[in-house]
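Residue-level listing of the chains:
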Amino acid sequence: MKEHEVRERAFAMPLTSPAYPPGPYRFIDREYMIITYRTDPERLRALVPEPLEITDPVVKYEFIRMPNSTGFGDYTETGQVIPVSFEGRKGGYTHCMFLNDHPPIAGGRELWGFPKKLASPVLRAEIDTLVGTLDYGPVRVATGTMGYKHKVVPEETVKAALLAPNFLLKIIPHVDGSPRICEIVEYYLEDVTIKGAWSGPAALALQPHALAPVAELPVLEVISALHIVADLTLGLGKVVHDYLR
């Protein structure tokens with residue numbers, strides 16, 4: 001293979017059979033259960049990297065079911081998003097994510113810097129309850145429950161929240177183990193169509209785990225819960241802060 005062929009084909013690892021295709025990445029019937037809870041502000045400050053700023057001692061625990069995703073297939077994801085601000089823009093900082101599909105793990109980490117790890121999340125309806133769980137190996141780490149479609153939420157409110165900026169800490173090491181890339185990435189969801197949104201009573205339990213430490217941000221009070229179904233495109237990102245410069 002010639003050098004120019006390497007340059008032309010070098011999109012992702014491995015060269016001759018990339019783990020994921022080029023974007024854009026469209027998601028159809030993407031289903032969310034988002035439980036917002038109050039947590040310990042000191043623990044929150046210890047985990048959110050500057051120059052991102054905490055707005056409130058609040059965490060959004062998300063379970064996301066993605067049955068139809070361009071290039072990524074059918075999978076489920078869960079994790080914690082922390083409301084933050086950056087240079088006056090209010091959005092969400094993704095603290096951790098766990099999912100059950102390799103292409104979005106590889107693509108999410110390499111392209112945007114999503115903090116993704118392999119685990120076994122589930123989001124499903126059980127009779128009158130929406131249930132989300134996260135298992136890391138044989139250990140149950142998180143359980144979220146919500147009353148199924150109790151109250152309709154205005155689509156405009158939900159869409160405005162989904163269109164807010166999102167922030168990630170992207171880290172890629174050099175071959176000697178030192179950091180080669182260490183930066184804050186900003187990205188947006190695009191072409192969002194809300195197909196339904198509901199609120200309801202909710203509960204969330206987080207269990208300590210050495211490698212899936214979601215319980216480091218303890219649940220002090222559940223504030224609200226949202227169930228959303230939407231079509232959307234995951235936009236590519238831009239670097240807004242470089243720690244190595």
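Quick look at the structure, then. Computed from a prediction, not measured in an experiment: that's the story for all the values here.

Procedures and definitions
Throughout this document, residue positions are counted from 1 along each chain, in the order its sequence is written. Where totals are concerned, whole chains, interfaces and linings use all residues; where local detail is concerned, this predicted model gives features only for residues with pLDDT of at least 70, and gives and counts side-chain atom pairs only at 80 or more. The side-chain values count all of the structure's non-hydrogen atoms but skip hydrogen atoms and water molecules. Put plainly, a pocket is an open set of points on a 1 Å grid over the protein atoms alone with protein on both sides within 12 Å along at least five of seven lines, a cavity is a set where a 1.4 Å probe fits but cannot get out, and a lining residue has an atom within 4 Å of a point. Grid points are joined across faces, edges and corners, and a volume is the space filled by probe spheres set on the points. Under the DSSP-based scheme used, a helix requires at least four consecutive residues in state H or I and a strand at least two consecutive residues in state E, with every element numbered from the N terminus. Residues are sorted three ways: Asp, Glu, Lys and Arg are charged, Ala, Val, Leu, Ile, Met, Phe, Trp, Tyr, Cys and Pro are nonpolar, and all the rest, Gly among them, are polar. The contact criterion used is simple: two residues touch if any of their non-hydrogen atoms lie within 4.5 Å. Note on aromatic pairs: the rings of Phe, Tyr and Trp (six-membered ring only in Trp) are paired at centre separations within 6.5 Å, and the planes decide the class, stacked below 30 degrees, edge-to-face beyond 60, tilted for the rest. In this scheme, a residue with accessible area under 20% of its type's maximum is buried, one over 50% is exposed, and one in between is partly exposed, where area comes from a 1.4 Å probe on protein chains only. Should the NZ of a Lys or the CZ of an Arg lie within 6 Å of a ring centre and within 35 degrees of the ring normal, that charge is described as sitting over the ring.

**Overview of the layout of surface pockets**
As a volume, the largest pocket reaches approximately 950 Å³. Counting only elements with at least two residues in the lining of the largest pocket, the list comes to β1 (25-38), β3 (58-69), β4 (73-86), β5 (89-99), α3 (102-112), α4 (155-162), β13 (189-199) and β15 (221-234). No other element matches β4, which puts nine residues into the lining of the largest pocket. Looking at the lining of the largest pocket, its residues break down into 29 nonpolar, 14 polar and seven charged.

**Comments concerning the environment of Ile228**
The topology assignment puts Ile228 in strand β15. Between the C-alpha atom of Ile228 and that of Gly196, which follows or precedes it by 32 residues, the distance is 5.8 Å. Not counting residues up to four positions away in its chain, the partners in contact with Ile228 are Arg30, Glu31, Tyr32, Ile34, Val158, Ile194, Gly196 and Ala197.

**Overview of the packing of aromatic side chains**
This structure, assessed with the given rule, holds 10 aromatic pairs. For the pair Phe114 and Tyr187, a centre-to-centre distance of 5.2 Å together with 65° between the ring planes defines the contact as edge-to-face. Residue Phe114 is found in the loop between α3 and β6 (116-118), and its partner Tyr187 is found in strand β12 (residues 179-187); the two are separated by 73 residues along the sequence. For the pair formed by Phe114 and Tyr187, the shared burial category is buried. Taken together through their ring pairs, the aromatic side chains of Tyr25, Phe27, Phe72, Tyr75, Trp112, Phe114 and Tyr187 make up a single cluster. Across the ring face of Phe114, the terminal group of Lys116 is positioned such that the distance to the ring centre comes to 5.0 Å.

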